[in-house]
Amino acid sequence: MPNSAALVLALTAHFIGDYYLQWQSLADKKKRHLPTLLLHALLYALPFGLTALFVALPWWVWLALVGSHLLIDLIKWLIERRSNPAPDQVFLIDQLLHLLIIALLFAFIPQAVYKPAFTALKADFWRWLLVFALIGKPANVSFKMLFQRFSLGIKDLESSPVEQTSTPTRAEPKPGAGAWIGILERIFVVIFSAASQYAAFGLLMTAKSVARYEKISKDPAFAEYYLIGTLYSVLFALLAYLLVFQVIWPLPAVAKAAPIMLALPTP
């Protein structure tokens, strides 16, 4: 793709600014207060400011990247105040528009000039930086937004009367543990993908199934939700790896060695 290296940096800056620099209380508050939305836009611009240290681009490119993000968020803010759209549809359209604008900008602007600070680091560093930025919080948030409706009806087995009687001292799951399990799972998926060990995905799914066997066997709704989450997590990590390393910034092709033909004298 044109400007592949600069596009990787821009996408990394987008995911850092839109996910890692946006905590839950900020995301909830910006739906009601315009100043909070402007604060989000300011925080979103910070990683793009750092990106400018590595890539020399016209000032209007950075303004278009940050300004288009603010414009889309403002339109979404107005729509959500006047109506009650489905959260999953709003999230999906919002992210697709952000990514489409970034891709179009770097497809049509002149070739970016990389500064010495950029060329000092190997290309693989920037690829892996984007992959790990993708498989962390963006994967967790997108799953929650797109599949939260499937969590309805799941029994809280830890607080059921039967289990409280039989195991009164049983430890309850810690908040956020499931999110970290998903992140670690996706890290292993991309490592296995880089090593072309795709069969090892089954080991991850088996290990998770053993740990959650009790809840899976007692709650069919949880079993379905667990299966959706696991398959989504594995697919997300695999596609993130392939997208970065095969589509956006492909690895250089290695020419196969030509066979050596030996001319032997005929007897």
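Rules used throughout
- Residues numbered from 1 in each chain as written.
- Predicted model: local features only at pLDDT ≥ 70, side-chain atom pairs only at ≥ 80, totals over all residues.
- Heavy atoms only, no water.
- Helix = DSSP H or I, 4+ residues; strand = E, 2+ residues; numbered from the N terminus.
- Buried < 20%, exposed > 50% of the residue type's maximum accessible area, 1.4 Å probe, protein only.
- Contact = heavy atoms within 4.5 Å.
- Areas by Shrake-Rupley, 256 points an atom, 1.4 Å probe, with all protein chains shown as cover.
- Expected span 1.5 Å × (residues − 1).
- Phe/Tyr/Trp six-rings, centres within 6.5 Å; stacked < 30°, edge-to-face > 60°.
- Lys NZ or Arg CZ within 6 Å of the ring centre and 35° of its normal.
- Patch = residues over 30% accessible without salt bridge, like charges linked within 9 Å, V, L, I, M, F, W, Y side chains within 5 Å.
- Salt bridge = Lys/Arg side-chain N within 4 Å of Asp/Glu carboxyl O.
- pLDDT = per-residue confidence, 0-100.
- Axes fitted to C-alpha atoms, helices over the stretch in contact; angles between N-to-C directions.
- Parallel < 35°, antiparallel > 145°, perpendicular 65-115°, else oblique.
- Left-handed = near helix turned anticlockwise from the far one by under 90°.

S.K.: When you look at the overall build of the protein in this model, what are you seeing that I'm missing?
M.R.: A tally of regular secondary structure across the protein gives 13 helices and two strands. A total of 267 residues make up the protein; the buried ones form 37% of that total. In the protein, the share of contacts with a sequence separation of at least 24, taken over all contacts with a separation of at least 6, comes to 80%. Summing over all exposed atoms, the protein offers an accessible surface of approximately 16,200 Å²; the carbon and sulfur share of this is 72%.

S.K.: I would appreciate a short explanation of helix H4 (residues 59–82) in the present structure.
M.R.: Each full turn of the α-helix corresponds to 3.6 residues, which orients residues three or four apart in the same direction. Spanning 24 residues, H4 covers 35 Å between terminal C-alpha atoms, matching the ideal 34 Å at 1.5 Å per step. Restricting attention to buried positions, one finds in H4 the residues Val61, Trp62, Leu65, Val66, Ser68, His69, Ile72, Asp73, Lys76 and Trp77. Buried residues in H4 make contact with helix H1 (4–20), helix H3 (34–51), strand E1 (55–56) and helix H5 (87–108).

S.K.: How should the packing of aromatic side chains be read in this particular structure?
M.R.: The geometry of an aromatic ring pair is captured by the separation of the ring centres together with the interplanar angle, meaning the angle of the planes. Scanning all chains against the criterion turns up 18 aromatic pairs. Geometrically, the ring pair formed by phenylalanine 54 and tryptophan 126 is edge-to-face, given 5.0 Å between the ring centres and 70 degrees between the ring planes. With phenylalanine 54 in the loop between H3 and E1 and tryptophan 126 in helix H7 (residues 123–135), this pair connects stretches of sequence that are 72 residues apart. Among the aromatic residues, those joined into a ring-pair cluster are Phe54, Tyr114, Phe118, Phe125 and Trp126. The side chain of arginine 127 reaches across the aromatic face of tryptophan 249, ending 4.4 Å from its centre.

S.K.: Whenever I open this one, a nonpolar patch on the surface confuses me. Can you help?
M.R.: Side chains of Tyr198, Leu235, Leu239 and Leu242 sit close together on the surface and give an oily, nonpolar patch of about 360 Å² of accessible area. Assignment of secondary structure puts leucine 242 in helix H13 (residues 220–248). Of the residues examined, leucine 242 reaches a relative accessible area of 30% and is grouped as partly exposed.

S.K.: What exactly am I supposed to notice about the confidence of the model for the protein here?
M.R.: Note: predicted coordinates in regions of low pLDDT should not be interpreted at a detailed level. In this model, the protein carries an average pLDDT of 82, and 84% of its residues clear a pLDDT of 70 or more. Taking the mean pLDDT of every element in the protein, the minimum, 37, falls on helix H9 (residues 161–166) and the maximum, 94, on H7. A low-confidence stretch, residues 260–264 stays under pLDDT 50, and its non-local contacts, those more than four residues away or across chains, total zero contacts.

S.K.: Can you walk me through unusual backbone geometry in this structure?
M.R.: The phi angle of most residues is negative, glycine excepted, and most peptide bonds adopt the trans form. Despite not being glycine, serine 196 shows a phi value in the positive range, around 60 degrees. Judged by its relative accessible area of 48%, serine 196 falls in the partly exposed class.

S.K.: Which parts of the structure should I look at to understand the packing of helix H10 (residues 177–194) against H13?
M.R.: The axes of two packed helices give the description: the angle between them and the distance between them. Put simply, H10 and H13 touch, their axes get as near as 9 Å, and they point 45 degrees apart. It follows from the interaxial angle that H10 and H13 lie oblique. Both H10 and H13 take part in a crossing whose hand is right-handed. Counting all contacts with H10, which are made through Gly182, Glu185, Arg186, Val189, Val190, Ser193 and Ala194, the residues of H13 involved are Thr230, Ser233, Val234, Phe236, Ala237, Leu238 and Tyr241.

S.K.: Before we go on, may I ask you to explain the environment of tryptophan 249 in this structure?
M.R.: In this fold, tryptophan 249 is placed in the segment after H13. A relative accessible area of 15% means that tryptophan 249 is categorised as buried. Once the C-alpha coordinates of tryptophan 249 and valine 8 are considered, the two residues, 241 residues apart in sequence, prove to be 7.6 Å apart. Once you skip the residues sitting within four places of it in the chain, tryptophan 249 turns out to touch Ser4, Ala5, Val8, Phe118, Ala123, Trp126, Arg127 and Val244.

S.K.: Teacher, can you tell me more about H3 here?
M.R.: Along its 18 residues, H3 runs 27 Å from first to last C-alpha, staying within 8% of the 26 Å computed at 1.5 Å per residue. When we look at burial in H3, the residues that qualify are Thr36, Leu37, His40, Ala41, Leu43, Tyr44, Pro47, Phe48 and Thr51. At its buried positions, H3 is contacted by H1, helix H2 (24–29), E1, H4 and H5.

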